Amino acid sequence: MLSTGGFSSYHSLQVRAEHRFSRGWQLLNSFTWSKAMDNGAGSLENPFGNFPAPQDFYNRRADKGRSTYDQPFTNITSFVWDLPFGKSRKYLSTASAITDAFFGGWQVSGINNMLSGPTVTLIYSPAAAFVVSGITADFRGANNYRPNVLGDPKVPDGQRTVSNYLDRTRLALPTASSPSPFGNAGRNIVRADSLYQFDCSLAKHFIFTERVRLQLRGEAFNLLNKTNLRPPDRNFNNASFGTVSAANDARQLQIGLKLCF
């Protein structure tokens, strides 16, 4: 019997700590542990092989697994520090207007992101004889063909490289003698690398009157220039299967002026 029922489950635990120190220090840390499971993605939730339609319309249970947005660990740390220089601050509090214009009113802020990597569903492109539906567009309900898993498809730590991220020998395709073209691989059974990124800014405030002020701001995204790899090629039929060919943005710098009046 064909079942069209959907399943979705989400649990989370969040711990948040905030402290305002004396002399212009503010620190905030938020940690979240969560688990999300379902048996189908939304029509726009298929960046890494997680198609909305199930592999087998007559076996929805086989599609129960981690959600595309499942992110077990999320830790965000942010801070703001008003540097102790210039008028009304610890150092140079009696400085002249010219000295204060150069050294006073500076603020440093930053945010550090540590996130679990995205989930990946392994797929393959079946031969014409194995195709069970004429639908080809994923948003219209195309089948999501998955291979058979013979072991952990992820290459062990210490041996994993960008050109050898997934172990092809631990997967196999359904053959002509198989009872169906549907493999036993579950949805989202591979998790890509975690993301670590530190962004920060340095800002200077120029106060002209009570209502007019100017802010000079420099910002750095991924200041440490950490290489955050994107997920590997997930299609078993591709020659590049298991190869990581992209990464998130490298360090980016920008400067801006903001006039408030």
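Since the model is a prediction, treat every value here as computed from it, not as a measurement.

Asks: Just give me the short version of the overall build of the protein chain, but keep the residues and values in it.
Replies: Assigned secondary structure in the protein chain consists of one helix and twelve strands. Listed by position from the N terminus, the elements making up the protein chain come as β-β-β-β-α-β-β-β-β-β-β-β-β. Taken against the 2.2 N^0.38 rule, which gives 18 Å for 261 residues, the C-alpha radius of gyration of the protein chain at 26 Å runs more than 25% over that of a compact globule. Taken along its principal axes, the extent of the C-alpha atoms in the protein chain is 85 × 40 × 30 Å.

Asks: Break down the packing of aromatic side chains for me, with residues and values.
Replies: In this structure the tally under the stated criterion is six aromatic pairs. On the basis of an interplanar angle of 65° and a centroid distance of 6.1 Å, the ring pair of Tyr124 and Tyr145 is categorised as edge-to-face. Remark: Tyr145 occurs in the loop between strand S6 (119–120) and strand S7 (148–149) and Tyr124 occurs in the loop between S6 and S7; sequence separation between them is 21 residues. As far as burial versus exposure is concerned, Tyr124 and Tyr145 are alike and both buried. Grouping aromatic residues by their ring pairs yields a cluster made of Trp25, Phe79 and Trp81. The residue whose ring lies beneath Arg168 is Phe236, and the NZ or CZ to ring-centre distance is 4.8 Å. A cation over a ring is seen here: Lys204 above Phe206, with NZ or CZ 5.0 Å from the ring centre.

Asks: Any chance you could break down the nonpolar core for me, citing the residues and the numbers?
Replies: By size, the foremost hydrophobic cluster in this structure holds 14 residues, and its most contacted members are Leu122, Leu166 and Phe241. When neighbours within four sequence positions are excluded, Leu122 is seen to be in contact with Tyr145, Arg146, Pro147, Pro153, Leu166, Leu171, Ile189, Val190, Arg234 and Phe241.

Asks: Lay out the pattern of salt bridges with the relevant residues and their values.
Replies: Applying the stated criterion across every chain yields a total of seven salt bridges. Taking the shortest distance from any N to any O, the salt bridge between Asp38 and Arg187 comes out at 2.9 Å. Highlighted residues: Asp38 in strand S2 (residues 25–38) and Arg187 in the loop between strand S8 (171–172) and strand S9 (190–191), separated in sequence by 149 residues. Of the two residues examined, Asp38 and Arg187, each falls in the buried class. Residue Arg217 pairs with Glu219 through a salt bridge whose shortest N-O separation is 2.8 Å. In this structure Glu219 comes out as partly exposed when scored by relative accessible area, which is 22%.

Asks: So what's going on with the environment of Ser116? Which residues, and what values?
Replies: With respect to the secondary-structure elements, Ser116 resides in the loop between strand S5 (106–115) and S6. A sequence separation of 37 residues divides Ser116 from Pro153, and the C-alpha atoms of the two residues are 18 Å apart. If we ignore the near neighbours within four places in the chain, the residues touching Ser116 are Gln71, Pro72, Phe73, Arg191 and Ser194. There is a polar contact of 3.0 Å between the side chain of Ser116 and the backbone nitrogen of Phe73.

Asks: Outline the side chain of Asp38, listing residues and values.
Replies: The exposure class assigned to Asp38 is buried, which follows from its relative accessible area of 5%. The residues contacting Asp38, other than those within four sequence positions of it, are Phe7, Ser8, Asp63, Lys64, Gly65, Arg66, Ser67, Tyr69 and Arg187.

Asks: Mind laying out unusual backbone geometry, listing which residues take part and the relevant values?
Replies: With phi around 55°, Asn188 is a residue other than glycine that occupies positive phi space. Asn188 gets classed as buried once you look at its relative accessible area, which sits at 1%. Phi is positive for Asn222, which is not a glycine, with a value near 55°. Positionally, Asn222 belongs in the loop between strand S11 (213–221) and strand S12 (252–260). Taking relative accessible area as the criterion, Asn222 reaches 2% and is therefore assigned buried.

Asks: Requested: an account of the environment of Leu223, with residues and values cited.
Replies: Among the secondary structure elements, Leu223 is positioned in the loop between S11 and S12. For the pair Leu223 and Arg191, spaced 32 residues apart in sequence, the C-alpha separation works out to 25 Å. When sequence neighbours within four positions are dropped, the list of residues in contact with Leu223 reads Phe198, Cys200 and Arg251.

Asks: Any chance you could break down the environment of Ala101 for me, citing the residues and the numbers?
Replies: Within the fold, Ala101 resides in helix H1 (residues 97–103). Classification of Ala101 as partly exposed rests on a relative accessible area of 32%. Ala101 has contacts with Lys204 and Phe206, leaving out every residue within four places of it along the chain.

Asks: Quick rundown of the pairing of strand S10 (residues 195–207)? Include the residues and the values.
Replies: Bridge count for S5 against S10 is ten bridges, and the pairing is antiparallel. Each residue of the ladder has a partner; that of Asn113, found in S10, is Gln197. Sheet analysis places S10 next to S11, joined by eight bridges and oriented antiparallel. When the bridges of S11 are listed, Ala203 appears paired with Arg217. Counting the residues that bridge the hairpin from S10 to S11 gives five residues.

So, how was this worked out
Residues numbered from 1 in each chain as written. Predicted model: local features only at pLDDT ≥ 70, side-chain atom pairs only at ≥ 80, totals over all residues. Heavy atoms only, no water. Helix = DSSP H or I, 4+ residues; strand = E, 2+ residues; numbered from the N terminus. Rg over C-alpha atoms; globule rule 2.2 N^0.38 Å. Phe/Tyr/Trp six-rings, centres within 6.5 Å; stacked < 30°, edge-to-face > 60°. Buried < 20%, exposed > 50% of the residue type's maximum accessible area, 1.4 Å probe, protein only. Lys NZ or Arg CZ within 6 Å of the ring centre and 35° of its normal. Core = buried A, V, L, I, M, F, W, Y, C linked by side-chain atoms within 4.5 Å. Contact = heavy atoms within 4.5 Å. Salt bridge = Lys/Arg side-chain N within 4 Å of Asp/Glu carboxyl O. Polar contact = N/O pair within 3.5 Å; in protein donor to acceptor, adjacent residues only side chain to side chain. Pairing = 2+ DSSP bridges.

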